[in-house]
Amino acid sequence: MNEILTQEKSIYIQISEMIENDILRDIILEEERVPSTNELAKLYSINPATAAKGINILVDTGILYKKRGIGMFVSKGAKKKIMETRKEQFFDNYIKTLLSEAESLGITKEELIKMIEEKDN
Amino acid sequence: MMELIECKNLCKNYKDKSALKDVNVTFEKGKIYGLIGRNGAGKTTLLSIMSAQNPASGGSITVDGEAVWENPNALKKICFSRELNVSQTSSNGLGAMKVKEYLKIASIYYPLWDKDMAKKLVNEFELDVNKKMGALSKGMLSMVTIVVALASKAPYTFLDEPVAGLDVIMREYFYKLLVEEYSETGRTFIISTHIIEEASPMFEEVVMIKNGTLILKENTEELIASAFHVNGKAEDVDAATEGLSKYHEEIIGRSKGVTVFLKNGEKIKEGYDVTVQPVNLQQIFVALCGMGA
């Protein structure tokens with residue numbers, strides 16, 4: 001949870017994505033507690049309601065669950081679930097932008113594929 | 001009964017100048033509000049009237065249902081930690097007062113005063129309590145107003161330009177202190193500031209005033225999410241934003257930039273070669289209150 005907030009996106013979305021990133025990178029493991037709303041609010045100097053909104057998105061999607069009186073925890077299978085969702089969004093988030101930029105630069109589909117194939121050489 | 005501060009048809013006239021015009025606004029308990037407006041917009045006037053330090057020319061203010069004017073019962077719930085200025089401090093005798101004397105008066109005035117907290121903050125700010133108020137820098141005066149505001153423990157606390165003159169380290173420290181105090185107590189804070197971008201993530205709601213008139217009161221996140229900057233070839237921008245509420249149009253040659261606010265379900269029309277970017281609270285403020293806006 002040490003990313004820096006940017007102005008490109010709503011803060012609550014950034015909070016939920018940061019927690020997801022930490023889960024993807026095994027910084028927070030499944031069945032471990034995530035920082036509380038107040039801890040997040042203090043860390044980023046943000047309104048606790050905003051932090052709570054970010055956490056609640058992850059509760060709604062089943063990534064986190066609440067243990068009464070203790071806090072929020074990472075669900076079993078959360079990492080896999082995040083990867084699946086991000087894969088579904090990959091086309092919209094990355095491929096579309098890539099194709100649109102390639103088009104305005106006159107890069108053909110063949111050239112693009114070649115770039116990807118030659119990336120590791 | 002709802003716990004809130006309610007201003008109804010509030011007006012304030014100074015001689016021939018109208019500082020507040022028919023302001024209707026409520027501040028609910030348990031939120032952090034950002035009060036923003038340009039210099040002279042009426043922010044300080046509003047806060048001073050809400051805390052009965054200044055009489056209104058018309059309208060009413062109630063706290064949790066009780067009128068504030070000459071009502072100690074209502075006033076003990078409110079702390080307005082005014083911005084202190086050096087000229088002010090030297091002219092009215094405050095300049096000759098020691099910091100510890102000033103804090104002593106505050107401790108008597110505010111019934112819920114937290115002595116330990118005041119002491120802790122004075123230490124953390126490295127304030128010399130034996131110094132005279134008149135000898136303090138602008139930043140140190142701001143620290144004194146912050147100590148008073150936080151240690152007052154008043155359920156409704158107003159801070160007027162609390163970070164004026166503070167360096168970025170102290171400003172960030174103040175934001176942390178405020179969020180910490182808020183998450184522990186749920187006190188209501190109304191904060192006026194010109195350093196909008198730094199403070200905006202703390203504000204649950206933003207209240208904007210312009211020339212003495214309330215122009216906006218909205219949930220900060222929702223407001224920011226509804227606003228976009230659109231730019232591109234002028235005719236494309238016009239076509240893509242047709243029918244939307246537009247502000248702050250800027251034209252350079254063939255290119256045009258405009259800020260739009262999308263209301264319930266409105267969209268920027270697709271199919272035009274325009275760049276759509278998110279905007280921050282400061283940019284929204286400039287769009288609504290800037291020169292020529």
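Here the residue numbering is sequential within each chain, running from 1 through the sequence in written order. Chains carry letters and ligands carry numbers; both start at the beginning, A for chains and 1 for ligands, and go up in the order they are written. Where totals are concerned, whole chains, interfaces and linings use all residues; where local detail is concerned, this predicted model gives features only for residues with pLDDT of at least 70, and gives and counts side-chain atom pairs only at 80 or more.

(A) Representation of the overall build of chain B within the structure. Along the backbone of chain B there are 11 helices and 14 strands. Each principal axis of the C-alpha atoms in chain B carries an extent, and together these give about 65 × 40 × 40 Å. The proportion of buried residues among the 293 residues of chain B is 40%. Note on contacts: residues are paired as contacts if their backbone-placed C-beta atoms lie within 7 Å. Counting contacts in chain B only where the partners sit at least 6 residues apart, residues at least 24 apart contribute 69% of the total. Each helix is a run of H or I in the DSSP string that is no shorter than four residues. Each strand is a run of E no shorter than two, and both are numbered from the N terminus. In this scheme the burial state of a residue depends on its C-beta neighbours within 10 Å: 20 or more other such atoms mean buried, 12 or fewer mean exposed, and anything in between means partly exposed; the C-beta positions come from the backbone.

(B) Molecular detail of the domain arrangement of chain B. Residue and element names in this part refer to chain B. For every domain, the bounds stem from an assignment made automatically or drawn from a database. Taken domain by domain, chain B comprises domain 1 (4–211) and domain 2 (224–289). Contacts between domain 1 and domain 2 engage nine residues on the former and six residues on the latter. Elements with a minimum of two residues in the side of domain 1 that touches domain 2: helix 8 (196–199) and strand 9 (205–210). Here the side of domain 1 that touches domain 2 gets three residues from one element, more than from any other, and that element is strand 9. Any residue that is not Ala, Val, Leu, Ile, Met, Phe, Trp, Tyr, Cys, Pro, Asp, Glu, Lys or Arg is counted as polar, Gly included; the first ten are nonpolar and the last four charged. Here the residues of the side of domain 1 that touches domain 2 are counted per class, giving four nonpolar, two polar and three charged.

(C) Up close: the confidence of the model for chain B. Residues and elements named next belong to chain B. For chain B, per-residue confidence averages 93 on the pLDDT scale, and residues scoring 70 or more make up 97% of the total. pLDDT is defined as a per-residue confidence score from the predictor, taking values between 0 and 100. Across chain B, the element-wise mean pLDDT spans from 60 in helix 3 (residues 86–91) up to 98 in strand 3 (residues 32–36). Here the predicted complex scores 0.90 on pTM and 0.83 on ipTM.

(D) The arrangement of the environment of Ile-116 of chain A in detail. Residue and element names in this part refer to chain A. As for its position among the elements, Ile-116 is in helix 5 (residues 109–118). We classify Ile-116 as exposed; it has 9 C-beta atoms within 10 Å. As a C-alpha pair, Ile-116 and Asp-92 span 24 residues in sequence and 18 Å in three-dimensional space.

(E) Seen up close, the packing of helix 1 (residues 11–24) of chain A against helix 4 (residues 78–105) of chain A. All names here are of chain A. What counts as an axis is a line fitted to C-alpha atoms, over the stretch in contact for a helix, and the angles between N-to-C directions run from 0 to 180 degrees. Contact pair helix 1 / helix 4: the axes reach a minimum separation of 9 Å and the direction vectors enclose 115 degrees. Crossing hand, helix 1 versus helix 4: left-handed. Along its contact with helix 1, which presents Glu-20, Ile-23 and Leu-24, the element helix 4 presents Ala-78, Lys-79, Ile-82 and Met-83. Class assignment for the residues of the contact of helix 1 with helix 4 results in five nonpolar, no polar and two charged. Each crossing gets its hand from how the near helix is turned against the far one by less than a right angle, where anticlockwise is left-handed and clockwise is right-handed.

(F) The sheet that holds strand 5 (residues 66–67) of chain B, seen in detail. All names here are of chain B. For two strands to be treated as a pair, DSSP must find at least two bridges joining them. Spatially, four strands are ordered 2-1-4-5 in an open sheet, and the strand pairing comes out antiparallel. The sheet terminates laterally at strand 2 (17–28) and strand 5, the two strands that pair on one side only. Judged from the two bridges that link them, strand 4 (residues 58–63) and strand 5 form a sheet pairing that is antiparallel. Counterpart to Thr-62 in the pairing with strand 5 is Ala-67. Sitting on the sheet, helix 1 (residues 43–50) is in contact with strand 1 (4–14), strand 2 and strand 4, with an inclination near 120 degrees to strand 1.

(G) Quick look at the interface of chain B and chain A. At the interface, 16 residues of chain B touch 15 residues of chain A. Sorting the residues of the side of chain B that touches chain A by element identifies helix 7 (168–185) and helix 9 (220–226) of chain B as the ones contributing at least two each. Here the residues of the side of chain B that touches chain A are counted per class, giving nine nonpolar, two polar and five charged.

(H) Focus on the domain arrangement of chain A. All names here are of chain A. Segmentation of chain A into domains returns domain 1 (11–76) and domain 2 (79–118). Centre-to-centre, using C-alpha coordinates, domain 1 lies 29 Å away from domain 2. Grouping the constituent residues of the side of domain 1 that touches domain 2 by class yields three nonpolar, one polar and two charged.

(I) Here's a closer look at unusual backbone geometry. Residues and elements named next belong to chain B. Unusually for a residue other than glycine, Lys-15 sits at a positive phi of about 50 degrees. Note on placement: Lys-15 falls in the loop between strand 1 and strand 2. Lys-15 gets classed as exposed once you count the C-beta atoms within 10 Å, which come to 5. A positive phi angle, close to 45 degrees, is found at Asp-64, a residue other than glycine. On the secondary structure map, Asp-64 appears in the loop between strand 4 and strand 5. Taking the number of C-beta atoms within 10 Å as the measure of exposure, Asp-64 has 16 and is therefore partly exposed.

(J) Helix 1 of chain A, seen in detail. Here helix 1 of chain A spans 20 Å end to end across 14 residues, near enough to the 20 Å set by a 1.5 Å rise per residue. Those residues of helix 1 of chain A lying buried are Ile-11, Tyr-12, Gln-14, Ile-15, Ser-16, Met-18, Ile-19, Glu-20 and Ile-23 of chain A. Each residue after the first adds 1.5 Å to the expected span of a helix.

(K) Focus on the pairing of strand 12 (residues 245–252) of chain B. All names here are of chain B. One ladder, built from six bridges, connects strand 12 with strand 13 (residues 255–261); its direction is antiparallel. Across the sheet, the residue bridging to Glu-250 is Gly-257, located in strand 13. Connecting strand 12 to the antiparallel partner strand 13 that follows it, the hairpin turn spans two residues, and Gly-253 within it adopts a positive phi of roughly 55 degrees.

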